[in-house]
Amino acid sequence: MARRMNQSGFDMSIVERITTPFYYYDMDLLQATLDQINHLTAGLPCCVHYALKANSNAHIISKISSSGLGCDLVSGGEIKAALEAGFLPQQMTFSGVGKTDWEIELGLNHEIGCFNVESVPELDIINQLAGTMGKTARVALRVNPDIDAHTHKFITTGTANDKFGISIESLPLVVKHARHLSNIHLRGLHFHIGSQITSMQPYVDLCKVINNLLDHFHQSGIDFEMINVGGGLGIDYLHPDTNAIPDFKTYFKTFGEHLKLRPNQMLHFELGRSIVGQCGTLIARVVFVKETCGKKFVILDAGMTDLIRPALYGAYHEIQNLSSSGGPTETYDIVGPVCESTDVFARARQLPVTSRGDIIAIRSAGAYGESMASRYNMRPLPGCIFSSET
Ligand SMILES: *Cc1c(COP(=O)(O)O)cnc(C)c1O
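For every chain, the first residue of the written sequence is number 1, and numbering continues from 1 onward in sequence order. Per-residue local features are limited, in this predicted model, to residues with pLDDT of at least 70; the limit for side-chain atom pairs, both in listing and counting, is 80 or more; totals at the level of whole chains, interfaces and linings are taken over all residues. Where side-chain values are given, they derive from all heavy atoms of the structure, hydrogens and water being excluded.

Our next topic: the environment of G86. Counting from the N terminus, the helices are DSSP H or I runs at least four residues long and the strands are E runs at least two residues long. Within the secondary structure layout, G86 lies in the loop between helix 4 (76-84) and strand 4 (92-94). For every residue, the accessible area (1.4 Å probe, protein chains only) is compared with the maximum for its type, and the residue is labelled buried under 20%, exposed over 50%, or partly exposed between those bounds. The exposure class of G86 is partly exposed, given its relative accessible area of 44%. Along the primary structure G86 and S62 are separated by 24 residues, whereas in three dimensions their C-alpha atoms are 6.7 Å apart.

Structure (structure tokens):
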């Protein structure tokens, strides 16, 4: 079949073979992103874990596991998906404030690398379940460093108001407690301050907090074997093509320069969005173009059930009309079909004059897109297709 490429290199024949809406994944970009991470961290005492919740598509996570990264998981379902994708249990960490017994047991059974523990009750239950199973649980304590990541209030996680982690004030007692539990092996400390962080300052602040803690514990004769600084590195939603790969170099360098690790201490990263965000595009079709009260609406067959970020956080995504080759533009609100007034992808956006049947691309949708899809309104889940299959 002759390929019909639109101006941004997208093979338009795909939309004749698969029902819209669907996610299109650029697997070459994903590979280039993984190569960049592996290149920058080669030989350093650190390991990078992929936060599966950003995108748990089986094909995507298999690719990430074959590149050698570990993974960060937040549910029993994610542990199962990660095992199926070939991630090694010793390279798995399990985070989350509300781990249930079966999820903890699943992790213990597979002897995962680390439980990121968020409270004393959780620590005690893990110790108890590990004892019953004759296992030792490897654990890091999640610390709330009370740092404002200057990101959207719904995705900041490291301030005193958030539900996550153990406060710095109570940490020394919790460390002491953990070291006395017979089925717990305390490996280190875990931090995660938020998501879509685009300035290095919050990370510099985090390094200072960690350095102080490491000094404090060192004076009490405690040196941890690992420090986990979480994830949160942002992507450029405004320029998905010019900044397709985030600035990992500056990110890793920031920790290299500001964090004073002790000899033999391993540094762990847990990156989600920055690994998969730019490789995914949501492809939709225009159902109707409608005009009311002097406003023009482009109504898509994709909605908040396929990509909830605009409705949930007011998030910005670049939107392109792939059917159009330029010409005059028009101002539109671009909306979905779901019966909720927040089902809006963008307001007052300039697009080439758009009509029914046109193919629309919503860019930078690889992270927290497909993995947050729902069946609200009894809509089918979005499909997916990969560039290597086209
Ligand atoms: C969500 C999450 C991450 C990944 O966050 P990104 O912003 O996608 O990089 C890392 N660690 C923990 C504990 C998380 O909950």
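Let's shift gears to the domain arrangement of the chain. The domain boundaries assigned to the chain delineate domain 1 (12-23 + 278-389) and domain 2 (27-277). For the purposes of this description, domain bounds are those given by an automatic or database domain assignment. With centres defined by C-alpha atoms, the gap from domain 1 to domain 2 works out at 33 Å. Whether two residues touch is decided by their heavy atoms; if any such pair falls within 4.5 Å, the residues are in contact. The interface is formed by 23 residues belonging to domain 1 together with 27 residues belonging to domain 2. Here's the idea: put two parts together, see how much 1.4 Å probe accessible area each one loses, and the total over both is what we call buried area. Between domain 1 and domain 2 lies a buried interface of about 2,200 Å² when both sides are counted; carbon and sulfur atoms form 54% of it. On the domain 1 side of the contact with domain 2, Q278, C279 and Y368 bury the most area, a combined 33% of that side's loss.

Salt bridges are defined by distance alone: a side-chain nitrogen of Lys or Arg within 4 Å of a carboxyl oxygen of Asp or Glu. Taken as a whole and judged by the stated rule, the model has 12 salt bridges. E118 serves as the salt-bridge partner of R142, at 3.0 Å between the closest nitrogen and oxygen. Of the two residues, R142 sits in strand 6 (residues 137-144) while E118 sits in the loop between strand 5 (114-117) and helix 6 (120-133), which places them 24 residues apart along the sequence. Two residues, R262 and D223, come together in a salt bridge whose shortest N-O distance is 3.6 Å. Here R262 is found in the loop between helix 9 (248-258) and strand 10 (266-271), whereas its partner D223 is found in the loop between helix 8 (201-219) and strand 9 (226-228), with 39 residues between them in sequence. In this structure, a network of salt bridges that share partners links the residues D215, D223 and R262.

A few words on the packing of helix 6 against helix 7 (residues 171-180). How two helices sit against one another is set out by the angle between their axes and by the gap between those axes. For the pair helix 6 and helix 7, the least separation of the axes is 11 Å and the interaxial angle reads 5 degrees. Relative to helix 7, the element helix 6 is oriented roughly parallel. Across the interface between the two elements, V120, L123 and D124 of helix 6 pack against V174, H177 and A178 of helix 7. Residues are grouped as follows: Ala, Val, Leu, Ile, Met, Phe, Trp, Tyr, Cys and Pro are nonpolar; Asp, Glu, Lys and Arg are charged; every other residue, Gly included, is polar. Grouping the constituent residues of the contact of helix 6 with helix 7 by class yields four nonpolar, one polar and one charged. Between N-to-C directions, angles span 0 to 180 degrees; the directions come from axes that are lines fitted to C-alpha atoms, helices contributing only their stretch in contact. Roughly parallel means an angle under 35 degrees; roughly antiparallel, over 145; roughly perpendicular, 65 to 115; everything else is oblique.

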